[in-house]
Amino acid sequence: MQLRDVTPDDVDAYIRMRCDPVMTADLGGPLPRELQADKVRRDARDAAADVSWIKMIVPDEGAPGVVAGTVVIWSHDTEEGPLSEIGWMVLPGFQGRGLAKRATRALLERARDEDRWGVVHAFPATGNGASNGICRSLGFRLVGEQEVPFAGRVLRSNHWAIDPRTDLVSPE
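Let me begin by describing the structure that accompanies this report.

Analysis parameters
Residues numbered from 1 in each chain as written. Predicted model: local features only at pLDDT ≥ 70, side-chain atom pairs only at ≥ 80, totals over all residues. Heavy atoms only, no water. Pairing = 2+ DSSP bridges. Helix = DSSP H or I, 4+ residues; strand = E, 2+ residues; numbered from the N terminus. Axes fitted to C-alpha atoms, helices over the stretch in contact; angles between N-to-C directions. Contact = heavy atoms within 4.5 Å. Salt bridge = Lys/Arg side-chain N within 4 Å of Asp/Glu carboxyl O. Buried < 20%, exposed > 50% of the residue type's maximum accessible area, 1.4 Å probe, protein only. Expected span 1.5 Å × (residues − 1). Core = buried A, V, L, I, M, F, W, Y, C linked by side-chain atoms within 4.5 Å.

**Description of the sheet that holds strand β7 (residues 153-162)**
Through backbone hydrogen bonds, the strands of a sheet pair up, either in parallel or in antiparallel fashion. Read across the open sheet, the 7 strands follow the order β1-β2-β3-β4-β5-β7-β6; overall the sheet is mixed. Where the open sheet ends on each side, the last strands, each with one partner, are β1 (2-5) and β6 (141-150). Neighbouring strand axes in the sheet, compared pairwise and without regard to direction, differ in orientation by 35° on average. In this sheet, β7 lies alongside strand β5 (residues 120-122) in antiparallel orientation, the contact comprising 3 bridges. Within β7, the position partnered with V120 by the bridge is I162. On top of the sheet, helix α1 (residues 11-18) reaches β2 (53-58), β3 (69-78) and β4 (81-90); it is set at about 90° to β2, its chief contact.

Laid out in structure tokens, this is it:
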């Protein structure tokens, strides 16, 4: 598995992840296709500027054009101040292979090694057993449930937090 920065050429992957009813079932449903090219351009700009870590998951280094999903760490402002957040998506044909967990671990290890982002938060939907399981297995602690805004929607999510410098569970 390899992680690489998102590029403007990743529009198709964004559409497959963000506009598919199955992929977005826990995110309030599909997002508009026509907005994805601009989203990819903004994300590619932020990744190139190292403002956010927006990585595409490439399952086989021998097939660099095949993307399985994405894992992202970014910072945003909340009422309590700045917050670092991590999120991931893996396309259905690649699910069940441990890619999301390995990609998430890799980004958290990088955050630890570079001493960047501080405590990292994740907000998977309460009903998303796979993503909540990833949080649990990597050493996140469950803070509680809360309503989280996403793409103009409000989602019921579990709030997890991890300090990668001290809490990241070693790989099995």
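**Overview of the pattern of salt bridges**
Working definition: two side chains of opposite charge can pair if their charged atoms are close together. In this structure the tally under the stated criterion is 14 salt bridges. Of the charged contacts in the structure, one is a salt bridge between D10 and R4, with a shortest N-O distance of 2.8 Å. Relative accessible area serves as the criterion here: at 22%, R4 is assigned to the partly exposed category. With a shortest N-O distance of 2.4 Å, K55 and D5 are connected by a salt bridge. A residue pair is termed long-range when its members are at least 10 positions apart, and K55 in strand β2 and D5 in strand β1 qualify at 50 residues. A network of salt bridges, in which partner residues are shared, links D38, R41 and R42.

**A look at helix α3 (residues 99-113)**
Spanning 15 residues, α3 covers 21 Å between terminal C-alpha atoms, matching the ideal 21 Å at 1.5 Å per step. Regarding α3, the residues found buried are L99, A100, A103, T104, R105, L107, L108 and A111. Where α3 ends, the next residue or the one after it, D115, has phi of about 50°, a positive value.

**Here we look at the nonpolar core**
Core analysis: the largest hydrophobic core is formed by 39 residues, its most contacted members being V6, M17, I86, W88, L108 and F140. If sequence neighbours within four positions are ignored, F140 has contacts with I86, L108, V120, A122, C135, W160, A161 and I162.

**A short note on unusual backbone geometry**
Backbone geometry places D115, a non-glycine residue, at a positive phi of 50°. By the element assignment, D115 lies in the loop between α3 and β5. D115 gets classed as exposed once you look at its relative accessible area, which sits at 52%. Phi at W117 is positive, roughly 85°, even though this residue is not glycine. Along the chain, W117 turns up in the loop between α3 and β5.

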